[in-house]
Amino acid sequence: MWAGVAFAMAAGMMWGLVFIGPLLLPEYPATLQSFGRYLAFGLIALPLAWFDRGELARLKRSDWIEAVKLAAVGNLLYYLCLASAIQRAGAPLPTMMIGTLPVIIAICANLRDHQRDGRLPWARLSPSLLVIAAGIACVNQAELSALAAQSASDHARYAVGAVFAVCALACWTWYPLRNADWLRNHPGRKPRAWATAQGLATLPMALVGYAVLWMWLGVTEDPLPMPFGPRPAAFVGLMTAIGLLASWVGTLCWNEASQRLPTALVGQMIVFETLAALSYAFLLRGEWPAPLTLVGVGLLIAGVLWAVRIKPEPVPA
């Protein structure tokens, strides 16, 4: 179990990097950042596939179809929504909303996987949900107050960002559940090979998406210079770093954790991603979080820790 927790912590530290990418490249559209990140991930997976060629050869057609589904929803669509949310609402609110994943996943796993993993008692889980909701409300209020203090505040843009954050939340509620299903049903398979398989499945989709976006920008006479935008070195370097660290290393660590921990428990380990992302965002801002934001973060951590302490109860067959 402790090895699984350590792998989940490492995955959270890697995934936290994706929250600052849109802030470092604000002039790049979210679509270009999403396709660029996963194009880099797919290209990185090509040489890595050589080391797992034997394991990858064991995958059946149904396994590759599952890898494509996971890559499309958990990779491309998720990051497209997340990058759009961060560019419109800033990093703290989307980060906190994604931070609810531990309990959202626990609830979904409670409903669909209780025969396999046991059931979390609803009466004991409900108080932690209320604490987490209060934490999100605090951070939202702090960000809205900061937005109101700006001379050119745009509440409509902030609201659209919040909607994109909800869509990202939905994508990454679905992904860990389906990914854990495959890993738990194939206990003898290497998590590293499954991470590489998802990278290979992502490559053609990202390549087609990148090409279509390039043509669309040309047809609409968008001033964004292609193929790598106004800062090619920064874009290529950042996409490569995120593609390697967040996409492949993060997925590898998460797969290792998913094989060692119950689904309802491993989902709650995503709190490490939230803490890492908030730390990176405020370091990038060069400022301390507002007191209300700190209260919200504290409530989020308390709520998740509260939920983690709840032990699943076996369900009679």
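Residues numbered from 1 in each chain as written. Predicted model: local features only at pLDDT ≥ 70, side-chain atom pairs only at ≥ 80, totals over all residues. Heavy atoms only, no water.

Draft legend 1. Local environment of the overall build of the protein. On a plain count of helices and strands, the protein comes out with 15 helices and 0 strands. The C-alpha radius of gyration computed for the protein amounts to 20 Å, which stays within 12% of the reference 20 Å derived for 317 residues, consistent with globular compactness. Each of the three principal axes of the protein carries a C-alpha extent, and together these read 65 × 55 × 30 Å. The buried share of the protein, reckoned over its 317 residues, is 52%. (Helix = DSSP H or I, 4+ residues; strand = E, 2+ residues; numbered from the N terminus. Rg over C-alpha atoms; globule rule 2.2 N^0.38 Å. Buried < 20%, exposed > 50% of the residue type's maximum accessible area, 1.4 Å probe, protein only.)

Draft legend 2. The packing of helix α10 (residues 155-185) against helix α12 (residues 232-260), seen in detail. Taken N-terminus to C-terminus, the directions of α10 and α12 make an angle of 60 degrees; their axes are 9 Å apart at the nearest point. One way to sum up the angle between α10 and α12 is to call them oblique. Pair α10 / α12 crosses with right-handed handedness. Facing W172, Y175, P176, N179, L183 and R184 of α10, the residues of α12 in contact are T251, W254, N255, S258 and Q259. Looking at the contact of α10 with α12 residue by residue, the class counts come to 5 nonpolar, 5 polar and 1 charged. (Axes fitted to C-alpha atoms, helices over the stretch in contact; angles between N-to-C directions. Parallel < 35°, antiparallel > 145°, perpendicular 65-115°, else oblique. Left-handed = near helix turned anticlockwise from the far one by under 90°. Contact = heavy atoms within 4.5 Å. Nonpolar A, V, L, I, M, F, W, Y, C, P; charged D, E, K, R; others polar.)

Draft legend 3. Inspection of the nonpolar core at higher detail. Ranked by internal contacts, the top residues of the largest apolar core, which has 66 residues, are L82 and W254. Elements with a minimum of two residues in this core: α1 (2-15), α3 (30-51), α5 (61-89), α7 (101-112), α10, α11 (191-219), α12 and α14 (271-285). L82 has contacts with V18, F19, P94, I98 and A168, leaving out every residue within four places of it along the chain. Ranked by size, the runner-up nonpolar core spans 15 residues in total, among them I132, V139, V271 and A307. (Core = buried A, V, L, I, M, F, W, Y, C linked by side-chain atoms within 4.5 Å.)

Draft legend 4. View of α5. Relative to the 42 Å expected for 29 residues at 1.5 Å per residue, α5 spans 40 Å between its end C-alpha atoms, a close match to the ideal helical length. Its axis deflected by about 30 degrees at Y78, α5 carries its strongest bend there. In the segment just after α5, G90 is the residue with positive phi, at about 80 degrees. (Expected span 1.5 Å × (residues − 1). Bend = angle between axes of the 7 residues up to and from the residue.)

Draft legend 5. View of the confidence of the model for the protein. On average, the protein scores 82 in pLDDT, and the residues at 70 or more come to 91%. Within the protein, no element has a lower average pLDDT than helix α8 (residues 114-117), which sits at 60, and none a higher one than helix α4 (residues 53-57), at 91. (pLDDT = per-residue confidence, 0-100.)

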